[in-house]
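Coordinates in review
One-letter residues, chain by chain:
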Amino acid sequence: MYSNKNTIIFKDGNFVKAQQETANYFTQSQHYGYAAFEGMRAYSTDQGTRIFKAKRHFERLLHSAKILHLDIPYTVDQLIKFSYTLLEKNNFKDAYIRPLLMGGEQMALLPSTQPSLIICCWKWGKYFKEKKLRLMHSNYKRPHPQSFHLDAKISGHYVNGILATNEAQKNGYDEALLCDHNGFIAQAASANIFFEKDSKLYTPKASNILPGITRSVAMKLAEYMPVPVEEGDFTPEDLANADGAFLTGTAVEVIPIESINGKTFKLDVDETLGAALAIKYHRVVTRKDGHSITYF
Ligand code: PMP
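A brief look at the structure comes next. (Residues numbered from 1 in each chain as written. Predicted model: local features only at pLDDT ≥ 70, side-chain atom pairs only at ≥ 80, totals over all residues. Heavy atoms only, no water.)

Section: the overall build of the chain
The helix and strand inventory of the chain stands at 8 helices and 16 strands. Taken against the 2.2 N^0.38 rule, which gives 19 Å for 296 residues, the C-alpha radius of gyration of the chain at 19 Å falls within 12% of a compact globule. Expressed as lengths along the three principal axes of its C-alpha atoms, the size of the chain is roughly 55 × 45 × 30 Å. For the chain, the residues scored as buried account for 51% of the 296 residues in total. Contacts in the chain between residues far apart in sequence, at least 24 positions, make up 69% of those at least 6 positions apart. Only carbon and sulfur atoms are counted for the fraction: they give 51% of the accessible area of the chain, which is about 14,500 Å². (Helix = DSSP H or I, 4+ residues; strand = E, 2+ residues; numbered from the N terminus. Rg over C-alpha atoms; globule rule 2.2 N^0.38 Å. Buried < 20%, exposed > 50% of the residue type's maximum accessible area, 1.4 Å probe, protein only. Contact = heavy atoms within 4.5 Å. Areas by Shrake-Rupley, 256 points an atom, 1.4 Å probe, with all protein chains shown as cover.)

Okay, structure coming up:
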């Protein structure tokens with residue numbers, strides 16, 4: 001699904017065939033998840049292919065790299081250019097783009113030198129085949145903010161999300177909703193959550209979540225609607241009493257939530273702000289909305 005014999009990846013300054021490359025099996029990235037990555041989507045628009053929020057994503061990659069003390073020897077502009085070239089080389093107009101920064105050889109828990117950066121891309125249609133999601137309150141909690149840098153996209157963090165998603169899907173749900181260590185709702189495994197109550201939006205504050213780029217776009221879109229958005233600490237009960245809810249993320253885009261632990265929200269999904277924002281978001285990323293050119 002992700003590559004074939006013609007797939008090209010960017011690897012440390014060169015464009016090479018993915019299937020002819022081998023990984024180094026003696027890195028902290030392989031063994032301990034000590035790596036940083038990003039996820040972006042490129043959309044086909046009337047003005048050609050556009051990587052949505054490429055600058056913000058690569059800035060976040062540089063931030064994640066800094067936290068891991070790994071160097072990326074390229075500027076954001078260079079990284080964006082490599083990504084567009086990569087799309088061309090793979091003949092992709094719409095695609096998901098995944099830069100991954102790995103440490104060099106090092107089996108001890110000591111600083112790792114000589115990092116390696118790859119960028120790969122693949123066709124990734126809708127992340128969820130459903131148009132509205134059934135979430136499960138996870139028994140897993142988000143990592144403690146003093147144990148990890150939750151605002152960075154660091155590979156090892158994602159074990160938590162994979163465990164939570166597996167648990168949810170084994171129980172017949174589409175996705176997991178995790179609380180933070182204080183019991184406040186935090187986010188889904190790889191997406192942020194909003195809920196609406198009396199035409200106002202609420203979303204967990206940035207401290208114990210990965211505050212996504214799509215989250216900030218959704219907040220901006222809400223501002224233009226105009227719909228007030230409050231960031232704060234919210235309990236599972238606050239969410240249970242909401243009128244509707246939705247998830248945001250680059251891969252999942254904006255997607256309404258139908259129910260949590262089998263309990264549906266008060267409004268029909270089509271009447272929710274999540275459904276309206278999903279349409280607006282799609283117009284923005286494909287540049288069919290005047291705002292997308294001026295503001296996004
Ligand atoms: N939380 C986590 C843990 C994620 O992996 C993602 C996807 N990158 C998000 C939230 C949403 O972030 P963004 O909107 O920047 O894609």
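From this point, the narrative continues.
Points about the pairing of strand S6 (residues 95–102)
Extensive coverage of S6 is indicated by the burial of 7 of its 8 residues. As defined by bridge partners, strand S3 (residues 35–37) adjoins S6 across 3 bridges and the pair is classed as antiparallel. Each bridged residue has a counterpart across the sheet, and for Ala-36 the counterpart in S6 is Leu-101. Note: strand S4 (residues 40–45) against S6, 3 bridges, orientation antiparallel. In the strand pairing of S6, Ala-42 is matched with Ala-95. (Pairing = 2+ DSSP bridges.)

Here's the deal with the site of the ligand
As a matter of local geometry, the ligand sits amid 14 residues, with Lys-153, Tyr-158, Ile-213, Thr-214 and Thr-250 nearest to it. The contact in question runs from an oxygen atom of the ligand to an N or O atom on the backbone of Ile-213, over 2.7 Å. Relative to its unbound accessible surface of 380 Å², the ligand loses 95% to contact with the protein. When residues of the shell around the ligand are traced back to their parent elements, those giving at least two are strand S11 (191–197) and helix H5 (213–224). Along the lines of polarity and charge, the residues of the shell around the ligand split into 5 nonpolar, 7 polar and 2 charged. (Near = heavy atom within 4 Å. Polar contact = N/O pair within 3.5 Å; in protein donor to acceptor, adjacent residues only side chain to side chain. Nonpolar A, V, L, I, M, F, W, Y, C, P; charged D, E, K, R; others polar.)

A few points about a nonpolar patch on the surface
A cluster of nonpolar side chains, Tyr-25, Phe-26, Tyr-32, Met-107 and Leu-109, forms an exposed patch at the surface whose accessible area comes to about 590 Å². You can see Leu-109 is positioned in the loop between S6 and strand S7 (116–122). (Patch = residues over 30% accessible without salt bridge, like charges linked within 9 Å, V, L, I, M, F, W, Y side chains within 5 Å. Salt bridge = Lys/Arg side-chain N within 4 Å of Asp/Glu carboxyl O.)

Quick notes on the packing of aromatic side chains
Describing an aromatic ring pair means giving the distance of the ring centres and the angle of the ring planes. A full pass over the atoms with the stated rule returns 16 aromatic pairs. Geometrically, the ring pair formed by Phe-10 and Phe-82 is stacked, given 4.4 Å between the ring centres and 25 degrees between the ring planes. Placement of Phe-10 in strand S1 (residues 8–11) and of Phe-82 in helix H3 (residues 76–89) is noted, with a sequence separation of 72 residues between them. For the pair Phe-10 and Phe-82, a shared accessibility class is recorded, and that class is buried. With centroids separated by 4.9 Å and ring planes inclined at 5 degrees, the aromatic side chains of Phe-194 and Phe-246 adopt a geometry described as stacked. (Phe/Tyr/Trp six-rings, centres within 6.5 Å; stacked < 30°, edge-to-face > 60°.)

Describing the side chain of Thr-248
Secondary-structure assignment places Thr-248 in strand S14 (residues 244–249). Exposure remark for Thr-248: the relative accessible area of 1% places this residue in the buried category. In contact with Thr-248, other than residues within four places in its own chain, are Ala-191, Asn-192, Phe-194, Thr-214, Arg-215, Ala-218, Glu-253 and Val-254.

As for the packing of H5 against helix H7 (residues 273–285)
Axis separation between H5 and H7 bottoms out at 11 Å; the angle between their running directions is 105 degrees. By the angle between their directions, the pair H5 and H7 is classed as roughly perpendicular. Side by side, H5 and H7 meet where Thr-214, Val-217, Ala-218, Leu-221 and Ala-222 of the first sit next to Leu-277, Lys-280, Tyr-281 and Val-284 of the second. Its residues placed into classes, the contact of H5 with H7 shows 7 nonpolar, 1 polar and 1 charged. (Axes fitted to C-alpha atoms, helices over the stretch in contact; angles between N-to-C directions. Parallel < 35°, antiparallel > 145°, perpendicular 65-115°, else oblique.)

Everything listed is a geometric property; what it means functionally is a separate question.
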